Amino acid sequence: MSGKIITLTRHIIEEQRKYPTATGKFTDLMNDIAFASKLISYHVNKAGLMDILGETGSVNVQGEVVKKLDQFANETLIKALDHNGHTCVMASEESDDIIPIPDEYPLGKYVVVFDPLDGSSNIDANVSVGTIFSVYHRVTPEGRPGSVKDCLQQGLKQICAGYVIYGSSTMLVYTTGNGVYGFTLDPSYGEFVLSHPNIKTPKKGKIYSINESYFEFWDEPVKQYVRYIKQVDGDTNRPMNSRYIGSLVSDFHRNLLYGGIFLYPPSKKAPKGKLRLLYEANPLAFIVEQAGGRAIDGKQRILEVVPKELHQRTPLYIGSADDIALLEKFLSSEKKVD
Ligand SMILES: O=P(O)(O)OC[C@H]1O[C@](O)(COP(=O)(O)O)[C@@H](O)[C@@H]1O
Ligand SMILES: [Mg+2]
Ligand SMILES: [Mg+2]
């Protein structure tokens, strides 16, 4: 690497100096998240050697099988964030209820919600997985434990969103509302170093990502849209390419860089969709919008949805702006394939 090395910490400090969006020790909070993700990355990479592949034998609040690495990632994030006085409450896809700060530790100004290990059903096959997170300011009075109200904020209120992808390299991508920045973990000295400054997603993509095995269970407009893009893509006059890993963070990351659309529609089997508003849709929606793309639930902008429950599910359509606009025409039944 030539030129100056910009670590994650340096980037956050410089960005907050220019655009102060956070009110407390935000850099310290982000360092805690980064530290947890380095531990998770280490364990994901060594999973085959450490007896942490496979299932725990329990099922989470979502009704999904909990993998050993889900549990490890969840506990690691909680332990990294519960004692430094930055957070007042947390929520996680893997925890039934809100996660309070233990009495012996000081309370902070921030609320952190996360999907500790996304795509974990693929983990035993060495497929890329990730951690997704959002940070909010607390809305309940300071000095008291945070509550569920702090966690149920509109996505628009996020002060930071990010993900860490444990792939061929480990990358942390984040936004505080001033663009999207990607950092690659240099394992030799254990630092996240800026590798992808100011990520912008193409206005129009060539990739679509959807689990087509559910085709028969979708509503007609989604079927029509998928049929359409498989035949001919309006702009390029050729079909779009299908790419679906089944690990949202990986599908999203690829589409963010190359352009495209990810769809997880409602279906007869899952009328509200599968993905979680708080832990998956909101953070990725904030990131995609900052990169010039869009995210909707089929009726409205994801970031405007007012959450009612911690583990609320939502349909998700996310990606390049022109691709979302075309999908919207189908959803409003303005456009149909003959
Ligand atoms: O197998 P399906 O129904 O296509 O679902 C895949 C989706 O489920 C998820 O695995 C859900 O996330 P978790 O692994 O965090 O439960 C997403 O990563 C992925 O996009
Ligand atoms: Mg997930
Ligand atoms: Mg998960």
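Residues numbered from 1 in each chain as written. Chains lettered and ligands numbered in written order. Predicted model: local features only at pLDDT ≥ 70, side-chain atom pairs only at ≥ 80, totals over all residues. Heavy atoms only, no water.

Undergrad: Any chance you could explain the UniProt feature "binding site: Mg(2+) 2" (unreviewed entry) in the chain here in plain terms?
TA: UniProt tags Asp-115, Asp-118 and Glu-280 as "binding site: Mg(2+) 2" (unreviewed entry). Spatially, the listed residues are clustered: although they cover 166 residues, their C-alpha atoms lie within 8.4 Å of one another. Within the secondary structure, Asp-115 is located in strand β5 (residues 110–118). For Asp-115, the residues in contact, after removing those within four places along its chain, are Glu-93, Gly-130, Thr-131, Ile-132, Tyr-279 and Glu-280. (UniProt positions renumbered as here; feature names shortened; annotations may be inferred. Helix = DSSP H or I, 4+ residues; strand = E, 2+ residues; numbered from the N terminus. Contact = heavy atoms within 4.5 Å.)

Undergrad: Looking at this model, I keep getting lost on the packing of helix α2 (residues 26–45) against helix α3 (residues 68–81). Mind explaining?
TA: The geometry of a pair of packed helices is captured by two quantities: the angle between their axes and the separation between those axes. Two elements in contact, α2 and α3, have axes whose closest approach is 9 Å; the angle formed by their N-to-C orientations is 155°. Considering the angle they form, α2 stands roughly antiparallel to α3. Handedness of the α2/α3 crossing: right-handed. Between α2 and α3, the contacting residues are Leu-29, Asp-32, Ile-33, Ala-36, Leu-39, Ile-40, His-43 and Val-44 on the first element and Leu-69, Phe-72, Ala-73, Thr-76, Leu-77, Ala-80 and Leu-81 on the second. Looking at the contact of α2 with α3 residue by residue, the class counts come to 12 nonpolar, 2 polar and 1 charged. (Axes fitted to C-alpha atoms, helices over the stretch in contact; angles between N-to-C directions. Parallel < 35°, antiparallel > 145°, perpendicular 65-115°, else oblique. Left-handed = near helix turned anticlockwise from the far one by under 90°. Nonpolar A, V, L, I, M, F, W, Y, C, P; charged D, E, K, R; others polar.)

Undergrad: Sorry, what's going on with unusual backbone geometry here?
TA: Peptide bonds are trans in most cases, and residues, glycine excluded, mostly fall at negative phi. One non-glycine residue with positive phi stands out, namely Asn-126, at about 65°. With respect to the helices and strands, Asn-126 occurs in the loop between β5 and β6 (129–137). Unusually for a residue other than glycine, Asn-198 sits at a positive phi of about 45°. Among the secondary structure elements, Asn-198 is positioned in the loop between β10 (191–196) and β11 (207–209).

Undergrad: What should I look at first to understand the site of ligand 1 in this one?
TA: Neighbouring ligand 1 are 18 residues; Asp-118, Asn-211, Tyr-244, Leu-248 and Tyr-264 lie closest to it. Separating an oxygen atom of ligand 1 from a side-chain N or O atom of Asp-118 is a distance of 2.8 Å. At 3.2 Å from an oxygen atom of ligand 1 is found a side-chain nitrogen or oxygen belonging to Arg-276. When ligand 1 is considered free in solution it has 470 Å² of accessible area, and contact with the protein chains removes 90% of it. At the level of secondary structure, the elements contributing two or more residues to the shell around ligand 1 comprise β5 and β13 (260–264). Among the elements that take part in the shell around ligand 1, β5 stands out by supplying 3 residues, more than any other. Counting contributing residues per domain, the shell around ligand 1 is built from domain 1 (8–196) and domain 2 (207–331), each supplying no fewer than three. (Near = heavy atom within 4 Å. Polar contact = N/O pair within 3.5 Å; in protein donor to acceptor, adjacent residues only side chain to side chain. Areas by Shrake-Rupley, 256 points an atom, 1.4 Å probe, with all protein chains shown as cover. Domains from an automatic or database assignment.)

Undergrad: Please explain the side chain of Gln-312 as it appears in this structure.
TA: Within the fold, Gln-312 resides in the loop between β15 (294–296) and β16 (313–314). For Gln-312, a relative accessible area of 17% translates into the label buried. At 2.6 Å, the side chain of Gln-312 and the backbone nitrogen of Lys-308 are in polar contact. When neighbours within four sequence positions are excluded, Gln-312 is seen to be in contact with Leu-275, Arg-276, Leu-277, Val-305, Val-306 and Pro-307. (Buried < 20%, exposed > 50% of the residue type's maximum accessible area, 1.4 Å probe, protein only.)

Undergrad: Would you explain helix α1 (residues 8–18) in this entry?
TA: Among the residues making up α1, those that are buried are Leu-8, His-11, Ile-12, Glu-15 and Gln-16. Down the axis of α1, the sector holding all buried residues measures 120°, keeping them to one side. In α1, the exposed residues that point more than 90 degrees away from the buried face are Arg-17 and Lys-18. Each element contacted by the buried residues of α1 is listed here: α2, β8 (170–175), β9 (180–186) and β10. (Arc of directions from axis to C-beta.)

Undergrad: When you look at the sheet that holds β9 in this model, what are you seeing that I'm missing?
TA: Strand pairing in a sheet is mediated by backbone hydrogen bonds. Such pairs are either parallel or antiparallel. In space, the 8 strands of this open sheet follow the order β4-β3-β5-β6-β7-β8-β9-β10, with mixed pairing throughout. On the outer flanks of this sheet lie β4 (99–100) and β10, each paired with one strand and no other. Its contacts with the sheet place helix α7 (residues 277–290) against β3 (87–92), β5, β6, β7 (160–166), β8 and β9, and it is angled at close to 80° to β6. (Pairing = 2+ DSSP bridges.)

Undergrad: Explain the domain arrangement of the chain to me, please; I cannot follow it from the model alone.
TA: Reports of interface size often rely on the accessible area that becomes lost once the parts have come together. Parsing the chain into structural domains produces domain 1 (8–196) and domain 2 (207–331). Using C-alpha coordinates to define each centre, domain 1 is positioned 23 Å away from domain 2. Residue-level contacts link 48 residues of domain 1 with 33 residues of domain 2. Of the roughly 2900 Å² buried at the junction of domain 1 and domain 2 (both faces included), carbon and sulfur atoms supply 63%. If you look at where domain 1 meets domain 2, you find 1 salt bridge. Linking Arg-276 and Glu-93 is a salt bridge whose minimum nitrogen-to-oxygen distance equals 3.4 Å. Our enumeration of links across domain 1 and domain 2 arrives at 15 residue pairs in polar contact (both at pLDDT 80 or more). Elements with a minimum of two residues in the side of domain 1 that touches domain 2: β3, β5, β6, α4 (148–151), β7 and β8. Residue composition of the side of domain 1 that touches domain 2, grouped by class: 23 nonpolar, 19 polar and 6 charged. (Buried area = accessible area lost by both parts, 1.4 Å probe. Salt bridge = Lys/Arg side-chain N within 4 Å of Asp/Glu carboxyl O.)

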